[in-house]
Amino acid sequence: MIGSGPNGLVAAATLAQAGWRVRVLEAQPRPGGALYSVESTLPGYLHDVGAAFFPFAHVSPALQQLRLDEFGLQWRAGVYESAHPAPDGTCVSIARDIDRAAQSFGSDGEAWRKLANWQAAMGPRLANALLAPLPGIRPALNLGFANLVRLALAGMSSAAGYSRGLFRSEAARRVIPGLALHVDLGPEDFSSAALGLVLALLAAGGGFQVPVGGALAITDAILKRLAQFGGQMQLNARVDSIVVRKGRAVAVRTTGGDEIPVAKAILADVGAPALYLRLLPENSVPGWVRQSIHHFRYGWGTFKMDWALAGPVPWIAEEARQSAVVHAGDSIDDLIRFTNEARAGQLPTNPYLVIGQQSLLDPTRAPVGCHTLWAYSRVPSQMPGGWSRCKETFADRIDQRIEGLAPGFRALIRGRAIFAPDDLERMNENLVGGDLGGGSAQFTQQLFWRPLFPYFRYRTPVRGVYLCSASTHPGAGVHGACGYNAARAALRDLA
């Protein structure tokens, strides 16, 4: 296994559980990739490095089969899952309690109730269909023809168009486009409604839950399962190349000069360009495949911040004070402006934010009476003259953005940590340009085209080499499906 991000660890544990001898080679001095937690601001304040709330936690077959609760993994949920306040005082929020959410949606409460009831009727079949390897005929049939058609119609819609057709109030209309911007999908982009709708449905179902003790607790639990079945973890072991003979992978070479033989397979939890253009010998990959991978696109950069706070964020909207996640996006038009600025290479003037309030749900994250806060915005991967010139400026802009929705916020700040896109890539080379999703989520790079046709089922042109990162279907998110599906493909091929 090359890399120990969540997909890599899930794949490794799955193979070890099936009886394979597994060694995980991780370039960094710690495992987990961006699924980790550190005291980035002040001692006693625990902040998640990357992913911080987990809508797939209780519905992903990849995570379910590892039974991580047996190793002490515990989850917490908020009263509300996703709050969407605006400076005009309006706030619409998603809750797992359908009545509570419908009340929050106000005049659009009945429209939301229909969505939530639809989600409840589909239950785990939705996640099974979304996370299965393509073409996924059986999970799709289990989901039902009517549900497939309804999801497909959303899949061909923009988030803005879908929301305007579904809801009447601007407060409700900004919810699905705001959720779609978790990746590089603007409100007017083709198919952007699909992701926004799926995240809304997941929030209404299992919710945006957080693990007690931080994202690190998930990594630790998977590592314990891996160790239980004899899997080995080797840190500070950067793979420099894969050795291929007669069309089959036979070994990996590390930068330290070691050549490690491979008995069965290599699974790579790295970006598609890293595997095809760096690790595999050029003569082992067809020229048209290499050319296609040269066109593989990463998504927007991510600008991430952590705060150590003296108390909870004083949101004007009461629902935001009880929500696991808060989304700052004033309206569809505001989100469109944000998208256009980011794509034009500009610092957004009114940053869209995804804000995590983990310590509201898990008090172990901060000293008694204090709180952590976690947030990110989408930004250009690079800025003229480098991010160091404008990092503090944009961080102040984000502080001001939250202050506008929660007067008194800045007075609570005891410390903050700032991570521009280049900081994130230095921390984890899979976060190319600060992209947390392993590649763009645009329609042309999804489904059968992720990472390229016909290699969308984790196999590669080299026998015994499998790609299991978020560069494969179903893409971004801590669901472990990319790793799990790749491991199952290897087990079938090499049974």
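For the structure itself, look to the data block above.
Computed from a predicted structure; not experimentally measured. (Residues numbered from 1 in each chain as written. Predicted model: local features only at pLDDT ≥ 70, side-chain atom pairs only at ≥ 80, totals over all residues. Heavy atoms only, no water.)

Draft legend 1. Geometry of the overall build of the chain. Assigned secondary structure in the chain consists of 19 helices and 18 strands. The globule rule puts the C-alpha radius of gyration for 495 residues at 23 Å, and the 22 Å found for the chain is close to it. Viewed in the frame of its principal axes, the chain has a C-alpha envelope of about 65 × 50 × 45 Å. When burial is assessed residue by residue, the chain has 60% of its 495 residues classed as buried. At a minimum sequence separation of 6, the contacts of the chain that also span at least 24 residues come to 73%. A total accessible area of about 18,700 Å² is found for the chain, and carbon and sulfur atoms account for 53% of it. Looking at charge distribution, the chain has the averaged site of its 47 positive side-chain charges lying 8 Å from that of its 39 negative ones. (Helix = DSSP H or I, 4+ residues; strand = E, 2+ residues; numbered from the N terminus. Rg over C-alpha atoms; globule rule 2.2 N^0.38 Å. Buried < 20%, exposed > 50% of the residue type's maximum accessible area, 1.4 Å probe, protein only. Contact = heavy atoms within 4.5 Å. Areas by Shrake-Rupley, 256 points an atom, 1.4 Å probe, with all protein chains shown as cover. Lys, Arg positive; Asp, Glu negative; His and termini not counted. Charge placed at Lys NZ, Arg CZ, Asp CG, Glu CD.)

Draft legend 2. Examining the nonpolar core more closely. With 57 residues, the main nonpolar core has Phe53, Ile94, Phe105, Trp112, Leu115 and Leu197 as its most contacted residues. A per-element tally of this core places helix α11 (residues 192-204) first, with nine residues. Among residues more than four places away in sequence, those in contact with leucine 197 are Leu115, Trp118, Leu151, Ala154, Tyr162 and Ile176. Of all hydrophobic cores here, the second largest spans 38 residues; its members include Val22, Leu68, Tyr458 and Ala490. (Core = buried A, V, L, I, M, F, W, Y, C linked by side-chain atoms within 4.5 Å.)

Draft legend 3. Structural view of the packing of helix α4 (residues 109-122) against helix α7 (residues 145-155). Running from amino to carboxyl end, α4 crosses α7 at an angle of 130°, the nearest separation of the two axes being 12 Å. The orientation of α4 relative to α7 falls into the category oblique. Here α4 runs over α7; the crossing is left-handed. Note on element contacts: α7 touches α4 through Asn147, Arg150 and Leu151, opposite Lys114, Leu115, Trp118 and Met122. In terms of residue class, the contact of α4 with α7 is made up of four nonpolar, one polar and two charged. (Axes fitted to C-alpha atoms, helices over the stretch in contact; angles between N-to-C directions. Parallel < 35°, antiparallel > 145°, perpendicular 65-115°, else oblique. Left-handed = near helix turned anticlockwise from the far one by under 90°. Nonpolar A, V, L, I, M, F, W, Y, C, P; charged D, E, K, R; others polar.)

Draft legend 4. Fine view of the pattern of salt bridges. All told, the structure shown has 23 salt bridges when counted by the stated rule. Of the charged contacts, one joins lysine 391 and aspartate 423 as a salt bridge, the two residues approaching to 3.0 Å between their closest N and O atoms. Of this pair, lysine 391 sits in helix α17 (residues 391-405) while aspartate 423 sits in helix α18 (residues 421-427), and the two are 32 residues apart along the sequence. Through salt bridges with shared partners, a single ionic network connects Asp330, Asp334, Arg337 and Arg401. (Salt bridge = Lys/Arg side-chain N within 4 Å of Asp/Glu carboxyl O.)

Draft legend 5. Examining the sheet that holds strand β9 (residues 239-245) more closely. If you trace the three strands from one edge of the open sheet to the other, you get β9-β10-β11, paired in antiparallel fashion. Since the sheet does not close on itself, it has two edges, and those belong to β9 and β11 (259-261), each with one partner. Adjacent strand axes in the sheet meet at a mean angle of 30° when their direction is disregarded. Bridge count for strand β10 (residues 248-254) against β11 is three bridges, and the pairing is antiparallel. (Pairing = 2+ DSSP bridges.)

Draft legend 6. Layout of the sheet that holds strand β16 (residues 371-379). Strand order in the open sheet made by the seven strands is β6-β5-β14-β15-β16-β13-β17, with mixed pairing throughout. Of all strands in the sheet, those bounded by a partner on one side alone are β6 (91-94) and β17 (413-419). The mean angle between the axes of side-by-side strands here comes to 20°, regardless of whether they run parallel or antiparallel. Pairing between strand β13 (residues 301-309) and β17: six bridges, direction antiparallel. From the neighbouring strand, lysine 304 faces β17, where its bridge partner is phenylalanine 419. Packed on one face of the sheet, α17 meets β5 (80-85), β13, β14 (323-328), β15 (353-356), β16 and β17 and runs near 60° to β13.

Draft legend 7. Broad picture of the pairing of β9. Burial analysis of β9 places five of its seven residues in the buried class, the great majority of the element. Pairing analysis gives six bridges linking β9 to β10, with the strands arranged antiparallel. Paired with valine 239 across the strands is threonine 254, a residue of β10. Turn length for the β9-β10 hairpin, with the two strands adjacent in sequence and antiparallel, is two residues, and the turn residue lysine 246 shows positive phi of about 55°.

Draft legend 8. Region of interest: helix α14 (residues 287-294). Regarding α14, the residues found buried are Val289, Arg290 and Ile293. The buried residues of α14 all sit within an arc of 95° when viewed along its axis, so they share a single face. For α14, exposure combined with an orientation more than 90 degrees from the buried face picks out Gly287 and His294. (Arc of directions from axis to C-beta.)

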